[in-house]
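Remarks on the overall topology
Chain by chain, the residues run as shown.
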Amino acid sequence: MQILLRKIHESKNDFSIEKNGLVCRGKFWRSGKHSVIVEGTIEGDVSLHCDRCGEAFTKHIAEPFRIEVVDRPLKVDESLDVIECLDGIVDFDMICESEIASIQSEYHLCPECEGKNDFEMEF
Ligand SMILES: [Zn+2]
C-alpha cells in the first residue's frame with residue numbers, strides 16, 4: 001500500500017496490512033507540512049532465531065510502533081523513528097517490513113534457553 005504524502009489529511013485514517021503472517025494495523029495522519037505520523041501495532045507469530053543456540057522458533061508478538069515520515073532530507077540529530085521519502089510516497093509495506101525486521105534483529109532467546117539460568121554451570 002502506497003499513498004502520496006501530500007494527499008494525506010490531518011484527520012486520522014485507518015490502515016491494515018498483512019505481512020509474512022503478521023498483521024500491521026493502526027492510523028496515519030498529517031502532522032506537519034512535510035510530515036505524517038504512522039502509528040500502530042504489529043501482531044502475530046513472528047519467526048525468530050535464538051541468539052544463544054541458533055534454533056528457529058516462532059513467538060507471538062504485539063509490538064506498538066510510531067513512525068514519522070517526512071518528504072524532506074533528515075537532519076543529523078533526528079531520531080531513528082523518522083523515515084525520509086524524498087519521492088513523496090509513503091510506502092506502508094516498506095514501513096511494516098522494516099518494523100518487523102527491527103523486531104527480528106533484537107535479542108531473542110528460544111523458550112528453552114529462556115528457562116536456563118545464565119550463571120548455572122555444568123561440569
Ligand atoms: Zn535457544
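Within each chain, residues carry numbers counting from 1 in the order of the written sequence. Local features in this predicted model are restricted to residues of pLDDT 70 or higher, and side-chain atom pairs are both shown and tallied only at a pLDDT of 80 or more, whereas totals for entire chains, interfaces and linings draw on every residue. The side-chain values count all of the structure's non-hydrogen atoms but skip hydrogen atoms and water molecules.

Each helix is a run of DSSP H or I of at least 4 residues and each strand a run of E of at least 2, with the numbering of both proceeding from the N terminus. Here His108 is to be found in the loop between helix 1 (92-104) and helix 2 (111-114). Judged by its relative accessible area of 8%, His108 falls in the buried class. Accessible area is worked out with a 1.4 Å probe on protein chains only. A residue is then buried under 20% of its type maximum, exposed over 50%, and partly exposed in between.

Two strands in a sheet stick together by hydrogen bonds in their backbones, pointing the same way (parallel) or opposite ways (antiparallel). Strand order in this open sheet of five strands is 2-3-4-5-6, and the pairing throughout is mixed. In this open sheet, the two edge strands, each paired with only one partner strand, are strand 2 (13-19) and strand 6 (82-84). On average, each strand axis in the sheet is tilted by 35° relative to the strand beside it, whichever way the strands run. Strands were regarded as paired on the criterion that DSSP finds at least two bridges between them. Convention adopted: a line fitted to C-alpha atoms gives each axis, helices being fitted over their contacting stretch, and angles between N-to-C directions are expressed from 0 to 180 degrees.

This paragraph deals with the side chain of Asp93. Position of Asp93 relative to the elements: it lies in helix 1. For Asp93, a relative accessible area of 19% puts it in the buried group. In protein, a polar contact requires one atom able to donate a hydrogen and another able to accept it; more generally it is a pair of N or O atoms within 3.5 Å, and residues adjacent in sequence count only if both atoms are side-chain atoms. Of the polar contacts made by the side chain of Asp93, one reaches the side chain of Lys19; its length is 3.2 Å. Contacts are assigned to residue pairs with any non-hydrogen atoms lying within 4.5 Å of each other. With sequence-adjacent residues up to four places away left out, Asp93 is seen in contact with Met1, Ile17 and Lys19.

Okay, the coordination of the zinc ion next. Donors, by definition, are the N, O and S atoms found within 2.8 Å of a metal, the threshold being 3.2 Å for Na, K and Ca, and water is not counted, so a site can look incomplete. Only Cys50 (SG), Cys53 (SG), Cys110 (SG) and Cys113 (SG) from the protein coordinate the zinc ion, and they sit 2.2 to 2.3 Å from it. A four-donor site is classed as tetrahedral when every donor-metal-donor angle falls between 85 and 135 degrees; four donors are called square planar, and six octahedral, when trans pairs exceed 155 degrees and all remaining angles lie between 65 and 115, with any other arrangement labelled irregular. Coordination at the zinc ion is tetrahedral: its four donor atoms span angles of 105 to 113° at the metal. Between consecutive donor residues of the zinc ion, the sequence gaps follow C-x2-C-x56-C-x2-C.

Whenever a carboxyl oxygen of Asp or Glu lies within 4 Å of a side-chain nitrogen of Lys or Arg, that contact is scored as a salt bridge. Counted by the stated rule, this structure contains five salt bridges. Between Asp93 and Lys19 there is a salt bridge, and its shortest N-O distance comes to 3.2 Å. Of this pair, Asp93 sits in helix 1 while Lys19 sits in strand 2, and the two are 74 residues apart along the sequence. For the pair formed by Asp93 and Lys19, the shared burial category is buried. For Glu78, the salt bridge goes to Arg72, with nearest N and O atoms at 3.0 Å. By relative accessible area, Glu78 is classed as partly exposed at 22%. Look at Arg72 and you get partly exposed, because its relative accessible area is 22%. Look at the salt bridges and you will find they share partners, linking Lys19, Asp93 and Glu97 into a network.

Let us now look at unusual backbone geometry. One non-glycine residue, Asn20, adopts positive backbone phi at about 50°. Relative to the assigned elements, Asn20 resides in the loop between strand 2 and strand 3 (22-32).

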